[in-house]
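# Inside the fold
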Amino acid sequence: FRKGSKTMDSELLKKLSEITVEEQRILDGGKGIEQQLYSDNKTLVVDSRKFLNAGKTIRVRPHTRFIHFPAHRHNYVEMVYMCQGKLTNIINGTTITLRTGELLILGQKAVQEILPAGRDDIAVNFIILPEFFDQTLLMLGTENSLIKDFIIGCFRDSGSPVDFLYFRTAGILPVQNLLENLVWTIVNDTQNKHSINRITMGLLFLQLAEHADKIDAGRNSYEQEILIHVMQYIDENYKDGELSDLATELGCDFTWLSRMIRKMTGSTYTELLQKKRMDTACRLLSLTSMPVTDVSLAVGYDNFSYFHRLFRKMNGMSPRSWRCRELTVPKLNSDPK
């Protein structure tokens, strides 16, 4: 595949450019969006049931122009593809201006606000239920990626650690072709479109994964919340806390949690646990008269030789040398926590 500029098929673009009934109402002086078209929820959580017939998992509709969309979320995955022109979105407070050929994918937790678009600003919105991506996950295989993490997160009630993905893919012809194929197939209601669209979506995500340098990810507070739980768990269970137990407690996949901890802290769970144990050991050596062997047991090491080696490695001296250095500190019978 080569890179270069690409213009969407003129007939398809003409069809997507047609003024809709909703847009005509706005042009005739209508004020604000018609909330009932999008949601029955006063907090404006856009409802997939407003767009998808029973049993359907994907739909494409032109983005409504000429009006400001206030902050809202979706109870589905939304893809916004810019066919022509530009569209300014504010996602979780971050301003993103989509330009021709660019793609934005929003998870269910993302808060989106959209500024008015002009007549020549043509975007399409994909309304997608998470189960539509089952074929995509199979095609992405076992290799870990930001895109795969995002899709898996869309199946969780707690959401994805990534709120949105912004793809600066203008000029990448394989991506443009696949997106146009998806739009064309859905808009024209072609035969066997369900199977075709699932495979096309998988191919699209494989192509997007090949252009990781073109992806910007917007993260939500989910990762921060998970990290807080991790640190609290270590504080309270440093003596014998296992990552597998924590993953079960949080309802997370063990591998994903391990990878997330490394990504967020730069350390593995084991390294964080060891640091907490050594910090506690140092505190006990400095502030109490506990024998070194008892300190070792108190922080979770029944192998004293291993504790001694690890303490020296992390602190540059033996436990006894540490205590001697801290002799001027008054001895207390303190709780190691």
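Report on the accompanying structure.

Rules behind the numbers
- Residues numbered from 1 in each chain as written.
- Predicted model: local features only at pLDDT ≥ 70, side-chain atom pairs only at ≥ 80, totals over all residues.
- Heavy atoms only, no water.
- Salt bridge = Lys/Arg side-chain N within 4 Å of Asp/Glu carboxyl O.
- Helix = DSSP H or I, 4+ residues; strand = E, 2+ residues; numbered from the N terminus.
- Buried < 20%, exposed > 50% of the residue type's maximum accessible area, 1.4 Å probe, protein only.
- Axes fitted to C-alpha atoms, helices over the stretch in contact; angles between N-to-C directions.
- Parallel < 35°, antiparallel > 145°, perpendicular 65-115°, else oblique.
- Left-handed = near helix turned anticlockwise from the far one by under 90°.
- Contact = heavy atoms within 4.5 Å.
- Nonpolar A, V, L, I, M, F, W, Y, C, P; charged D, E, K, R; others polar.
- Phe/Tyr/Trp six-rings, centres within 6.5 Å; stacked < 30°, edge-to-face > 60°.
- Lys NZ or Arg CZ within 6 Å of the ring centre and 35° of its normal.
- Expected span 1.5 Å × (residues − 1).
- Arc of directions from axis to C-beta.
- Polar contact = N/O pair within 3.5 Å; in protein donor to acceptor, adjacent residues only side chain to side chain.
- Pairing = 2+ DSSP bridges.
- Patch = residues over 30% accessible without salt bridge, like charges linked within 9 Å, V, L, I, M, F, W, Y side chains within 5 Å.
- Areas by Shrake-Rupley, 256 points an atom, 1.4 Å probe, with all protein chains shown as cover.
- Lys, Arg positive; Asp, Glu negative; His and termini not counted.
- Charge placed at Lys NZ, Arg CZ, Asp CG, Glu CD.

### Some remarks on the pattern of salt bridges
Under the definition given, this model contains ten salt bridges. The residue Arg61 makes a salt bridge to Glu22 at a minimum N-O spacing of 3.6 Å. Within this pair, whereas Arg61 is found in strand 2 (residues 58-62), its partner Glu22 is found in helix 2 (residues 21-27), the two being separated by 39 residues in sequence. In this pair, the class of Arg61 matches that of Glu22, namely buried. One salt bridge connects Asp235 with Lys276, and the closest N-O pair in it is separated by 3.4 Å. Of this pair, Asp235 sits in helix 7 (residues 222-237) while Lys276 sits in helix 10 (residues 269-287); the two residues are 41 residues apart in sequence, bridging distant segments of the chain.

### Quick word on the packing of helix 1 (residues 10-17) against helix 5 (residues 173-187)
Between helix 1 and helix 5, the least distance of the axes is 11 Å, while the angle of their chain directions is 60 degrees. One element, helix 1, and the other, helix 5, form an angle in the oblique class. In the packing of helix 1 onto helix 5, the handedness of the crossing is left-handed. Residues Leu12, Lys15 and Leu16 of helix 1 touch helix 5, and the partners they reach there are Glu180, Val183, Trp184 and Val187. When grouped by side-chain class, the residues that make up the contact of helix 1 with helix 5 number five nonpolar, no polar and two charged.

### Quick word on the packing of aromatic side chains
Taken as a whole and assessed by the stated rule, the structure comprises nine aromatic pairs. Between Tyr38 and Phe69, the ring centres sit 5.5 Å apart and the planes meet at 90 degrees, which makes this aromatic pair edge-to-face. Pair noted here: Tyr38 is in the loop between helix 2 and strand 1 (45-46) and Phe69 is in strand 3 (residues 69-74), with a separation of 31 residues, a long-range link. No difference in accessibility class separates Tyr38 from Phe69, as the two residues are buried. On the numbers, 6.0 Å between centres and 35 degrees between planes, the contact of Tyr301 with Phe307 is tilted. Side by side, Tyr301 and Phe307 carry an identical accessibility label, which is buried. Ring pairs connect the aromatic residues Tyr301, Phe304, Tyr306, Phe307, Phe311 and Trp322, which therefore count as one cluster. For Arg325, the ring lying beneath its charged end belongs to Trp322, and the centroid distance is 4.3 Å.

### Topic: the side chain of Thr169
Mapped onto the secondary structure, Thr169 falls in the loop between strand 10 (162-167) and helix 5. Assessed through its relative accessible area of 1%, Thr169 is described here as buried. Among residues more than four places away in sequence, those in contact with Thr169 are Gly101, Glu102, Leu103, Val175, Gln176 and Leu208.

### Examining helix 12 (residues 304-315)
Between its terminal C-alpha atoms helix 12 stretches 16 Å, which fits the 16 Å expected from twelve residues at 1.5 Å a residue. By the burial criterion, the buried members of helix 12 are Phe307, Leu310 and Phe311. Projected down its long axis, helix 12 shows its buried positions confined to an angular sector of 105 degrees, all on one face. The exposed residues of helix 12 that point more than 90 degrees off its buried face are Arg309 and Lys313. The opening residue of helix 12, the one whose side-chain oxygen lies 3.2 Å from the backbone nitrogen of Ser305, is Asn303.

### Structural notes on the environment of Ser289
If you trace the backbone, Ser289 turns up in the loop between helix 10 and helix 11 (292-298). Sequence separation of Ser289 and Arg323 is 34 residues, and the distance between their C-alpha atoms is 9.2 Å.

### So, the sheet that holds strand 6 (residues 94-99)
Hydrogen bonds between backbone groups are what pair the strands of a sheet, and the pairing can be parallel or antiparallel. In spatial order, the strands read 1-3-8-5-6; together these five strands make up an open sheet with mixed pairing. In this open sheet, the two edge strands, each paired with only one partner strand, are strand 1 and strand 6.

### Quick notes on a negative patch on the surface
A cluster of acidic side chains, namely Glu236, Asp240, Glu242, Asp245 and Glu249, defines a negative patch on the protein surface. Topologically, Asp240 is positioned in the loop between helix 7 and helix 8 (243-250). The class of Asp240 is exposed, set by a relative accessible area of 57%.

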